[in-house]
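So you can see what is in the structure, the chains are spelled out below.
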Amino acid sequence: MKLESIWPLFGLEIAAPRIVLRPVRDEDLPGLAQAALAGVHEPDRMPFDPPWTDADPADLPRNLAEFQWSRRGKVSAADWTISFAVHFDGRIVGAQDVSARDFPARRTVNTGSWLTASVHGQGLGTEMRAAVLMFAFDELGAEWAESGAKSWNQASLGVSRKLGYELNGVTRVAPRSGEPVDEQRVRLEKTAFVRPDWAISTRGAAPVLAQLRIPVR
Ligand SMILES: CC(C)(COP(=O)(O)OP(=O)(O)OC[C@H]1O[C@@H](n2cnc3c(N)ncnc32)[C@H](O)[C@@H]1OP(=O)(O)O)[C@@H](O)C(=O)NCCC(=O)NCCS
């Protein structure tokens, strides 16, 4: 028996022009940890809540593994997270998550992502977000996508802007205790999605739809 017949998400693959997204497998954890340990952002400003990149480098790989395992253990028809490893140029360079809460009723996904610093600014952040949006809108049946970024995070907000998101209010967060910052929320309706001029090619989607109890469209 193959692993993906037990856990269909392990058989999913989304190919975009330069990157391939596959749900994180245990054998991807070292590559993912290496990409994170190499540096994801300037240390003076924290893009993540919780601030997982502040962990001691000795602890970060294990924390990352625990996070992945905890997400896998909570996949149900209503609530799920798919955490994709981003494969580029023969290595793992980051992660792109797509998650949902009460999906059958809300038809809304949330996304979050990061890339190792050495590959920032080449359009890969836009490519990976666009790829999961196409998958969510066109194959999972999502109608809305939401995200958010600290108001200083022009790279993340730049990705959202390019793909057509509208601003959706500001909230105050304090990922580092005692350091409150504004978070800009953003929201994208399927019909407003500024689609790139390429398409994704997906493998293993049908068993994932069955795993998430999403009727085939
Ligand atoms: C956010 C992130 C995934 C974006 O990926 P990226 O590959 O660097 O972004 P892109 O190259 O696709 O750029 C997207 C747009 O934002 C703009 N942009 C990128 N970096 C920018 C910066 N530092 N300042 C201003 N604009 C920036 C780009 O110009 C681009 O728009 P354009 O094509 O019209 O010029 C990546 O920068 C990252 O991992 N950052 C650290 C972690 C993080 O902040 N994660 C998100 C948490 S909400």
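Worth saying up front: this structure is predicted, and the values here are computed from it rather than measured.

Peer 1: Got a minute to help me understand the overall build of the protein chain in this structure?
Peer 2: When helices and strands are counted, the protein chain shows seven helices and nine strands. Its C-alpha radius of gyration of 17 Å places the protein chain within 12% of the 17 Å reference for a compact globule of 217 residues. Within the protein chain, the proportion of its 217 residues that are buried is 31%. Nonlocal contacts in the protein chain, meaning residues at least 24 apart in sequence, comprise 64% of its contacts between residues at least 6 apart.

Peer 1: Is there a simple way to explain the sheet that holds strand β6 (residues 144-150) in this structure?
Peer 2: Adjacent strands of a sheet pair through backbone hydrogen bonds, lying either parallel or antiparallel. In space, the nine strands of this open sheet follow the order β7-β8-β6-β5-β4-β3-β2-β1-β9, with mixed pairing throughout. The open sheet terminates on both sides in strands that have one partner only, identified here as β7 (166-173) and β9 (201-203). For this sheet the average axis-to-axis angle between neighbouring strands, irrespective of direction, equals 25 degrees. Judged from the three bridges that link them, strand β5 (residues 108-115) and β6 form a sheet pairing that is parallel. Among the inter-strand pairings, T108 is bridged to a residue of β6, identified as W144.

Peer 1: How should the site of the ligand be read in this particular structure?
Peer 2: In the vicinity of the ligand there are 21 residues, among which P47, G125, Q154, A155 and G158 approach most closely. Of all the secondary-structure elements, those providing two or more residues to the shell around the ligand are β5, α5 (124-140) and α6 (154-163). With six residues, the single largest contributor to the shell around the ligand is α6. When grouped by side-chain class, the residues that make up the shell around the ligand number eight nonpolar, 12 polar and one charged.

Peer 1: Before we go on, may I ask you to explain unusual backbone geometry in this structure?
Peer 2: With the exception of glycine, the majority of residues adopt a negative phi angle, and the majority of peptide bonds are in the trans configuration. Geometrically, the link from D49 to P50 is a cis peptide bond, its omega value of 5 degrees lying close to zero. With respect to the element layout, P50 can be found in the loop between α2 (29-37) and α3 (60-72). If you check the backbone angles, D102 has positive phi at about 50 degrees while not being a glycine. Among the structural elements, D102 can be located in the loop between β4 (91-100) and α4 (103-106). Overall, D102 belongs to the exposed group, with 11 C-beta atoms counted inside 10 Å.

Peer 1: I would appreciate a short explanation of the environment of E143 in the present structure.
Peer 2: Along the chain, E143 turns up in the loop between α5 and β6. Sequence separation between E143 and G73 is 70 residues, and the spatial gap between their C-alpha atoms is 25 Å. The residues touching E143, leaving out its near neighbours within four places in the chain, are R107, E189 and K190.

Peer 1: So what exactly am I meant to see when it comes to the environment of G158 here?
Peer 2: Relative to the helices and strands, G158 is located in helix α6. Residue G158 is classed as partly exposed on the basis of its C-beta count, with 14 C-beta atoms lying within 10 Å. Between the C-alpha atoms of G158 and D97, which are 61 residues apart in sequence, the distance is 18 Å.

Peer 1: Would you mind going over α5 with me for this structure?
Peer 2: Helical geometry: 3.6 residues make up each α-helical turn, so side chains three or four residues apart lie on a common side. Taking 1.5 Å of rise per residue, the 17 residues of α5 would be expected to cover 24 Å, and the 23 Å separating its terminal C-alpha atoms lies within 8% of that figure. Positive phi shows up at G141, right after α5, with a value of about 85 degrees.

Peer 1: When you look at the packing of α2 against α3 in this model, what are you seeing that I'm missing?
Peer 2: Running from N to C, α2 and α3 point in directions that differ by 125 degrees, and their axes come no closer than 9 Å. Between α2 and α3, the angle is such that the two are oblique. Where α2 crosses over α3, the handedness of that crossing is right-handed. Seen from α2, the contacting residues are L29, L32, A33, A36 and L37; seen from α3, they are L60, P61, L64, A65 and Q68. Across the contact of α2 with α3, the residue classes break down as nine nonpolar, one polar and no charged.

Peer 1: I keep staring at the nonpolar core and nothing clicks. Help me out?
Peer 2: Counting 46 residues, the largest nonpolar core has L21, L32, V86, A131, V132 and A136 as its most contacted members. At the level of secondary structure, the elements contributing two or more residues to this core comprise β2 (19-23), α2, β3 (80-88), β4, β5, α5, α6 and β8 (181-189). A per-element tally of this core places α5 first, with 10 residues.

Cut-offs used in this document
Residues numbered from 1 in each chain as written. Predicted model: local features only at pLDDT ≥ 70, side-chain atom pairs only at ≥ 80, totals over all residues. Helix = DSSP H or I, 4+ residues; strand = E, 2+ residues; numbered from the N terminus. Rg over C-alpha atoms; globule rule 2.2 N^0.38 Å. Buried ≥ 20, exposed ≤ 12 C-beta atoms within 10 Å, placed from the backbone. Contact = placed C-beta atoms within 7 Å. Pairing = 2+ DSSP bridges. Axes fitted to C-alpha atoms, helices over the stretch in contact; angles between N-to-C directions. Near = placed C-beta within 6 Å. Nonpolar A, V, L, I, M, F, W, Y, C, P; charged D, E, K, R; others polar. Expected span 1.5 Å × (residues − 1). Parallel < 35°, antiparallel > 145°, perpendicular 65-115°, else oblique. Left-handed = near helix turned anticlockwise from the far one by under 90°. Core = buried A, V, L, I, M, F, W, Y, C linked by C-beta atoms within 7 Å.

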